[in-house]
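What follows is each chain in one-letter form.
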Amino acid sequence: MAGSYTKKEFGLGPEEQTLLKGSNGTRIVAKGCASYSTFNVPLSIGTEPVRLSPGWEGTGRPDDELNFKGVTMDQADLEINPPKDRLNLVFFVLLLHGIGALMPWNMFITAKDYFVNYKLSKMYTGVESHYVTNFLADVGFAAQIPNLLFNWLNVFIQLGGNLTTRIVWGILVQVLVFVFTVVLAMTDSSGWPDAFFWITIISVVILNTSNGIYQNSVFGMAAKLPSKYTGAVVLGSNISGTFTAIISFLAQVMAPNVRTAAIYYFITALFVLLACFDTYFALPINRFYRYHELLYQKENRKRELESNSRGKSETPPYWKIFKQCFPQLVNIFFIFFVTLALFPSVHSDVGISDPNFIVPKQYYVSVMCFLTFNITAMLGSSIASMVQWPSKKYLVIPVMLRLLYLPLFLFCNYHPENVKRILPVYIQNDWAYLLIAVTMGLSSGYFSSVAMMYCPRMVEPKYAATAGMFGAACLISGIFSGILFSRLMPKIVATISFE
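Residues numbered from 1 in each chain as written. Predicted model: local features only at pLDDT ≥ 70, side-chain atom pairs only at ≥ 80, totals over all residues. Heavy atoms only, no water.

**Q** Kindly report on the overall build of the chain, identifying the contributing residues and their values.
**A** Helix and strand counts for the chain come out as 22 helices and zero strands. Burial statistics for the chain: of 499 residues in total, 48% are counted as buried. Considering only intrachain contacts with a sequence separation of at least 6, the fraction spanning at least 24 residues in the chain is 80%. Working note: accessible area of the chain is about 24,500 Å², and carbon and sulfur atoms make up 65% of it. (Helix = DSSP H or I, 4+ residues; strand = E, 2+ residues; numbered from the N terminus. Buried < 20%, exposed > 50% of the residue type's maximum accessible area, 1.4 Å probe, protein only. Contact = heavy atoms within 4.5 Å. Areas by Shrake-Rupley, 256 points an atom, 1.4 Å probe, with all protein chains shown as cover.)

The structure is reproduced here in structure tokens:
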């Protein structure tokens, strides 16, 4: 360590400043520096740590740390003057990353009109395409395979790597995929619909693989900060769907046609991801972030020392943890199973019943499906942060009652593409359908948040992180299973009739 301590650097008062200088005014430099002060009174160099104050010595810190060994001037300044998050800049940066983390998934499912009614439609290609019937289910399947593999693997093998490398490459790959998607939107693909479909699916797989790495890294970045900053990422994830639905709606209203709307829409995703890229590199400039990064590194070093002293690291008892949190894992699985079995594939195929309904036909799916679900799910998740009901023991009751949404949506005016419906439409009122959609979205956001909060509380505190990873893996498993089940919905309404 080179340099010297000054009053300007530390912001210390006169009394503390005298502790950093000799009686002749010469600065005292800690052991390990380039030079030492000379005093009329003999000073025994190297036999005693430099004492800054009684409080500093009384902290129980190691001698190396008391001697400032391996501590830079900036780190010492941060230790003495812990900074605050001015203007909540770090909070809003992580909120932005939360929005960006779910942007790819939301962008592709909300762009259903572009893919199904334009690029793959008979009007555009001149041929009847079987891809349109289960397009969103196929996209969901392709998107969730990487997530499913990564999440279950991460429970037993902690996927590491340099955080900066993971975030930078994760964002850059997503940016390149969205640039490619914009180019595809500008290209005439009417002569090769099959190739366009499979190119889109491969793009979704690549996009969500890189996004899985990026999303995992964002939560790792937030873990270095106080808990409210992890909450900022979660809040951003909840806002992401609403933000995407609003952008899709505005693009539809402002653009002259579907193709132009899709170009504006996907370019918006590019700007959000580039903003995430820029703000990540701005974080190390922030003193508040640097301070908590320093504390995190020190805590890691402390754990490594404790682990080395024991000889080997303790392996979590996975089976014991799984059994203890099993009730909440079941809840998490079924909440997301029901939600993804309906949204977006079934939900977006429910058409308008009354031509005079308040929402026009051309905006019906955008408003009644994507906007309604994302807003209500966000509200439900926000309520869960204030109220948690019912208790851990009885949460399973409303979770299982949500299975009733499966037949309810099928009884609405659900007409999948290229499928002749035999099952009668029992719910023909658009307001009744809106009520069902609102309660489904609210319950999804609320109960999923409550179940995820309960899960780590089912085990001892030291195993809470492993329980949380089990919860995340069951969440993805529920999503994946729900998407697979949604492929049966068109067949159900085409083969079952109660008359």
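**Q** Describe helix H16 (residues 326-342), with residues and values.
**A** The terminal C-alpha atoms of H16, which comprises 17 residues, lie 25 Å apart, in line with the 24 Å expected from a rise of 1.5 Å per residue. The element H16 is extensively covered by neighbouring structure, given that 12 of its 17 residues are classed as buried. (Expected span 1.5 Å × (residues − 1).)

**Q** Tell me what's going on with the packing of aromatic side chains, and back it up with residues and numbers.
**A** A complete count under the given rule lists 38 aromatic pairs for this structure. Pairing phenylalanine 197 with tryptophan 198 gives two aromatic rings, centres 5.2 Å apart and planes at 80 degrees, and the pair type is edge-to-face. We classify tryptophan 198 as partly exposed; its relative accessible area is 47%. (Phe/Tyr/Trp six-rings, centres within 6.5 Å; stacked < 30°, edge-to-face > 60°.)

**Q** Residue-level account of unusual backbone geometry, with values.
**A** Residue phenylalanine 343 is joined to proline 344 through a cis peptide bond whose omega torsion reads 5 degrees. Along the polypeptide, proline 344 turns up in the loop between H16 and helix H17 (364-384). Put simply, tryptophan 389 and proline 390 share a cis peptide bond, and its omega is -5 degrees. By the secondary structure assignment, proline 390 is in the loop between H17 and helix H18 (396-401). In this structure, leucine 87 is a non-glycine residue whose phi angle is positive, near 60 degrees. On the secondary structure map, leucine 87 appears in the loop between helix H5 (73-80) and helix H6 (89-110). Looking at leucine 87, the relative accessible area reads 73%, which means it is exposed.

**Q** Summarise empty space enclosed by the protein; cite the residues concerned and give the values.
**A** In this structure the tally under the stated criterion is three cavities of 30 Å³ or more. Here the largest cavity defines a volume of roughly 90 Å³. Taken together, 13 residues make up the lining of the largest cavity; nearest its centre are Thr133, Asn134, Phe135, Ser345 and Asp349. Across the lining of the largest cavity, the residue classes break down as seven nonpolar, four polar and two charged. (1 Å grid on protein atoms, 1.4 Å probe; cavity = no way out; pocket = protein on both sides within 12 Å on 5 of 7 lines; lining within 4 Å. Points joined across faces, edges and corners; volume = space filled by probe spheres on them. Nonpolar A, V, L, I, M, F, W, Y, C, P; charged D, E, K, R; others polar.)

**Q** Describe the packing of helix H9 (residues 135-156) against helix H11 (residues 193-222), with residues and values.
**A** Two elements in contact, H9 and H11, have axes whose closest approach is 9 Å; the angle formed by their N-to-C orientations is 30 degrees. Here the hand of the crossing between H9 and H11 comes out right-handed. Listed contacts from H11 to Phe135, Asp138, Val139, Ala142, Ala143, Pro146, Asn147, Phe150 and Asn154 of H9 are Phe197, Thr200, Ile201, Val204, Val205, Asn208, Thr209, Gly212, Ile213 and Asn216. Its residues assigned to classes, the contact of H9 with H11 shows 11 nonpolar, seven polar and one charged. (Axes fitted to C-alpha atoms, helices over the stretch in contact; angles between N-to-C directions. Left-handed = near helix turned anticlockwise from the far one by under 90°.)

**Q** Quick one: what's the story with the packing of H6 against helix H10 (residues 163-186), residue by residue and with numbers?
**A** The description of two packed helices rests on the angle between their axes and on the distance between the axes. Between H6 and H10, the shortest axis-to-axis distance is 11 Å and the interhelical angle comes to 20 degrees. Comparing their axes, H10 and H6 come out roughly parallel. Between H6 and H10 the crossing geometry is left-handed. Judged by residue contacts, Pro104, Met107 and Phe108 of H6 engage Gln174, Phe178 and Thr181 from H10. (Parallel < 35°, antiparallel > 145°, perpendicular 65-115°, else oblique.)

**Q** Any details on the confidence of the model for the chain? Residues and values, ideally.
**A** Averaged over all residues, the pLDDT of the chain is 81; the fraction at 70 or higher stands at 80%. Predicted confidence for residues 1-48 stays below pLDDT 50, and this span has 67 contacts to residues more than four positions away or in other chains. Here residues 63-68 is modelled with pLDDT under 50, and outside its nearest four sequence neighbours on either side it reaches 16 contacts, counting other chains as well. (pLDDT = per-residue confidence, 0-100.)

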